[in-house]
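Fold and geometry: a report
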Amino acid sequence: MPIPGERDDAIVTAVVVYGESDLVVRLFARTRGRVGAFARKARASRKRFPGLAAPARGSASLAERGNGAELLELKEMDIDPAVLGLARDLRALGHASYLCELVERMLPEHEPAPEVFAFVDEALDRIARVGPSAALLRAVELKLLLHTGYLPDLADSEAPHEGLADDARAAAQRLVDAELGALPDVDEPTLRAVSRVFAAHLRRQGGPPLKSVQFLASLA
C-alpha cells in the first residue's frame, strides 16, 4: 500500500548521511522546486528507498513535517532503474552529477521551475539511457542561462560573448532553440568555444569549484 504523502516527480541532487540510518536529501521537484527533505531510516529501508542516491530521478512522496520545520519529510521514493546503471559509465555519472550541481548552484530554493525541471529531467534520462554527450551539457547550460536571465544576446555581434566567433555564436543559438532529443551536430572545437559562455557566468557568480568538473577532469 502506498505511504500517504504528496507525490511529485523529483531529481535527487545530493544526499547527506544523518546519524546511523537517516538521510538528508536535496531534491529538485517538478511542483515544489528545489527543496530539502528528511528521509527517516532511509539507509535501513530498501523497500521505501531502493537505490536512493545522487544523481537519481523518480517519484517522491513528500509531506510537511509541521512545527515550522524547514525540511520536508521524504516518506518514500521510487527511483528510475535506468539511472542505477550510471556507475558503470563514469563519464555519464560525471555528466549527470554536473547537471545536479548546476541546479543547486543556479536555482533559488522553494521556487517552482517546471520548465527547467522538464529539460533537466529529460537530460538525465538521456544520459542514463543513451550515454554522455557534450552537446547535451552545452544545451542545458545555455537553457539554464536563458531561464535565469543571464544568457547574452547571441544575435548581437556587439554583445559580450567571451570572444566567440560568429560560427560559435550561431551554434550556441541553435543549441538554445533545439529540443534535447534533436540537438544539432556541433563539432568538438565549437562546443569547447560555446562552453566559455557558461564558464564565464560561473566565474562571475563566484562560489567553490564544482566537484563534478574536478571529477570529469580527473577522468580526462
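As a starting point, this report considers the structure included with it. (Residues numbered from 1 in each chain as written. Predicted model: local features only at pLDDT ≥ 70, side-chain atom pairs only at ≥ 80, totals over all residues. Heavy atoms only, no water.)

**As for the pattern of salt bridges**
Summed over the entire model, instances satisfying the criterion amount to 16 salt bridges. Two residues, Glu64 and Arg32, come together in a salt bridge whose shortest N-O distance is 3.2 Å. With a gap of 32 residues between them, Glu64 in the loop between strand E4 (56-63) and strand E5 (72-79) and Arg32 in the loop between strand E2 (22-29) and strand E3 (33-39) connect regions that are remote in the sequence. Overall, Glu64 belongs to the exposed group, its relative accessible area being 55%. Look at Arg32 and you get buried, because its relative accessible area is 18%. (Salt bridge = Lys/Arg side-chain N within 4 Å of Asp/Glu carboxyl O. Helix = DSSP H or I, 4+ residues; strand = E, 2+ residues; numbered from the N terminus. Buried < 20%, exposed > 50% of the residue type's maximum accessible area, 1.4 Å probe, protein only.)

**Notes on the pairing of E3**
Most of E3 is tucked away: seven of the seven residues are buried. Summarising the sheet, E2 and E3 pair through seven bridges and their orientation is antiparallel. Looking at E3, one finds that Ala29 is bridged to Gly33. Linking two consecutive strands that pair antiparallel, namely E2 and E3, is a turn of three residues. Taken together, the two bridges between E3 and E5 define a ladder with parallel strand orientation. Its bridge partner lying in E5, Ala37 is registered against Leu72. (Pairing = 2+ DSSP bridges.)

**Some remarks on the sheet that holds E5**
Working definition: the strands of a sheet are paired by backbone hydrogen bonds and lie parallel or antiparallel to each other. Strand order around the closed barrel formed by five strands is E1-E2-E3-E5-E4, with mixed pairing between neighbours. Going across the sheet, the axis of each strand differs from the next one's by a mean of 55 degrees, ignoring polarity. Sheet strands in contact with helix H1 (residues 90-106) are strand E1 (6-18), E2 and E3, and its direction is about 95 degrees off that of E1. Helix-sheet contacts for helix H2 (residues 114-129) involve E1, E2 and E4, and the interaxial angle to E1 is about 65 degrees. (Axes fitted to C-alpha atoms, helices over the stretch in contact; angles between N-to-C directions. Contact = heavy atoms within 4.5 Å.)

**Quick notes on the pairing of E2**
Within E2, eight of the eight residues are buried, leaving the element largely enclosed by the surrounding structure. Going residue by residue along E2, you find Asp22, Val24, Arg26 and Phe28 tucked away on one face and Leu23, Val25, Leu27 and Ala29 tucked away on the opposite face as well. Sheet analysis places E1 next to E2, joined by eight bridges and oriented antiparallel. Its bridge partner being in E2, Val17 is matched across the sheet by Leu23. The turn joining E1 and E2, which pair antiparallel and follow one another in sequence, is formed by three residues; a positive phi near 70 degrees is taken by Gly19.

Function-wise, these values are silent; they only describe arrangement.
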